[in-house]
Amino acid sequence: GTFYISDFGNLQAQIPKWKMAARVGHELANHTVYHPCEGGRPGREFVKPETDLRAYSVSRITGEMKTMNTLLAAIDGKTERTFAFPCSDTKIGDTAYINYAKGDFVAARAVRSEMPEVEDTDLYNLPSYMVNGETGEQLIALVKKAVADNRLLVFLFHGVGGEHGLDVSLPAHRQLLQYLKQYENDVWV
């Protein structure tokens, strides 16, 4: 799996677990240092003034992205990684800030429930299905659709088994993983 990491005040305590995750093959990826999101709209009451993307400049956000890459390299020793837009906010004002950081990443993930054709995929604005309460059967149905249509499918999990408000049950997640393992010759993961 790919884990998009930000520092919510507990990164230092989590470093041993992230090192272990990287050692067993998981990707540690960039989600900025402080997870800035555009505030001032419904559902964004959690955004603090100091992490409101509306107060950021392109220089500030790209600096934060570079800093997180440095931190992640200190944890896993790697220099190639992907990025996920916090809250799927891809712009500062009308500027797509990833355009100023493409050299630092091989791809960037947003949040849109779409399955693009592989050859028509914008690697710096990859869609993903945010999972929140779906059953294993529902997740597997999406995989089957992606395979049947020869499309790219990215799942976005915030939590598994109750660790986050946006969550999937442990049995649903396990069912998906078992299906993917069963069909590993047919599904590229």
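Criteria and cut-off values
Residues numbered from 1 in each chain as written. Predicted model: local features only at pLDDT ≥ 70, side-chain atom pairs only at ≥ 80, totals over all residues. Heavy atoms only, no water. Helix = DSSP H or I, 4+ residues; strand = E, 2+ residues; numbered from the N terminus. Buried < 20%, exposed > 50% of the residue type's maximum accessible area, 1.4 Å probe, protein only. Polar contact = N/O pair within 3.5 Å; in protein donor to acceptor, adjacent residues only side chain to side chain. Pairing = 2+ DSSP bridges. Salt bridge = Lys/Arg side-chain N within 4 Å of Asp/Glu carboxyl O. Expected span 1.5 Å × (residues − 1). Arc of directions from axis to C-beta. Contact = heavy atoms within 4.5 Å. Core = buried A, V, L, I, M, F, W, Y, C linked by side-chain atoms within 4.5 Å. Disulfide = S-S within 2.5 Å. Axes fitted to C-alpha atoms, helices over the stretch in contact; angles between N-to-C directions. Left-handed = near helix turned anticlockwise from the far one by under 90°. Nonpolar A, V, L, I, M, F, W, Y, C, P; charged D, E, K, R; others polar. Phe/Tyr/Trp six-rings, centres within 6.5 Å; stacked < 30°, edge-to-face > 60°.

**Re unusual backbone geometry**
Next, step 1: At C87, a residue that is not glycine, the phi angle is positive and equals roughly 60°.
Next, step 2: Secondary-structure assignment places C87 in the loop between β3 (83-84) and β4 (91-92).
Next, step 3: Exposure remark for C87: the relative accessible area of 24% places this residue in the partly exposed category.

**Observations concerning the side chain of D89**
Next, step 1: With respect to the helices, strands and loops of the structure, D89 is situated in the loop between β3 and β4.
Next, step 2: One polar contact links D89 to R41, side chain to side chain, over a distance of 2.7 Å.

**Some thoughts on the pairing of strand β2 (residues 27-30)**
Next, step 1: The pairing of strand β1 (residues 2-5) with β2 spans four bridges and is parallel. The residue bridging I5 from the neighbouring strand is N30, located in β2.

**Here's the deal with the pattern of salt bridges**
Next, step 1: All told, the structure shown has ten salt bridges when counted by the stated rule.
Next, step 2: Across the salt bridge formed by D76 and R81, the nearest N and O atoms sit 3.0 Å from each other. In this pair, the class of D76 matches that of R81, namely buried.
Next, step 3: Here R112 and E114 are joined by a salt bridge, their closest N and O atoms 3.3 Å apart.
Next, step 4: The exposure class of R112 is partly exposed, given its relative accessible area of 27%.
Next, step 5: What emerges from the salt-bridge pattern is a single network uniting E38, R41, R44 and D89.

**Notes on helix α4 (residues 170-182)**
Next, step 1: Compared with an ideal rise of 1.5 Å per residue, which puts 13 residues at 18 Å, α4 spans 18 Å between its outermost C-alpha atoms and is within 8% of the ideal.
Next, step 2: Those residues of α4 that sit buried are A172, H173, L176, Y179 and L180. Looking straight down α4, one finds its buried side chains confined to an arc of 125°; they lie on one side. More than 90 degrees from the buried face of α4, the exposed residues found are P171, Q178, K181 and Q182.
Next, step 3: Those residues of α4 that are buried are in contact with α3 (136-149), β8 (155-157), β9 (159-160) and β10 (167-168).
Next, step 4: Capping the start of α4 is the job of one residue whose side-chain oxygen sits 3.1 Å from the backbone nitrogen of A172: S169.

**Overview of the nonpolar core**
Next, step 1: In terms of nonpolar packing, the biggest core is built from 15 residues, with L139, V143, L153, F155 and L176 touching the most fellow members.
Next, step 2: The contact partners of L153, leaving out residues within four places of it in the chain, are M115, Y129, L142, V143 and A146.
Next, step 3: Among the nonpolar cores identified, the runner-up in size contains 14 residues, and Y56, I61, F83 and I92 belong to it.

**Quick notes on the state of the cysteines**
Next, step 1: The tally for this structure, following the rule as stated, stands at one disulfide.
Next, step 2: Across the disulfide, C37 is cross-linked to C87 (sulfur-sulfur distance 2.0 Å). Sign of the S-S torsion, about 75° for the bond between C37 and C87, identifies this disulfide as right-handed. With C37 in the loop between β2 and α2 (58-76) and C87 in the loop between β3 and β4, the pair connects residues that are 50 residues apart, well separated along the chain.

**As for the packing of α3 against α4**
Any two packed helices are characterised by the angle at which their axes cross and by the distance between the axes.
Next, step 1: Running from N to C, α3 and α4 cross one another at 35°; their axes reach a closest spacing of 8 Å. Regarding α3 and α4, the two cross each other, and that crossing is right-handed. Contacts from G136, E137, L139, I140, V143 and K144 in α3 reach A172, Q175, L176, Y179 and L180 in α4.
Next, step 2: Among the residues forming the contact of α3 with α4, the class breakdown is seven nonpolar, two polar and two charged.

**Focus: the packing of aromatic side chains**
Next, step 1: As enumerated under the stated definition, the model contains seven aromatic pairs in all.
Next, step 2: Where F83 meets F85, the ring centres are 5.3 Å apart and the plane angle is 85°; that geometry is what we call edge-to-face. Neither residue differs from the other here; F83 and F85 are each classed as buried.
Next, step 3: Judged by centre distance (4.6 Å) and plane angle (40°), the rings of Y179 and Y183 are tilted.
Next, step 4: What makes Y179 buried here is its relative accessible area of 15%.

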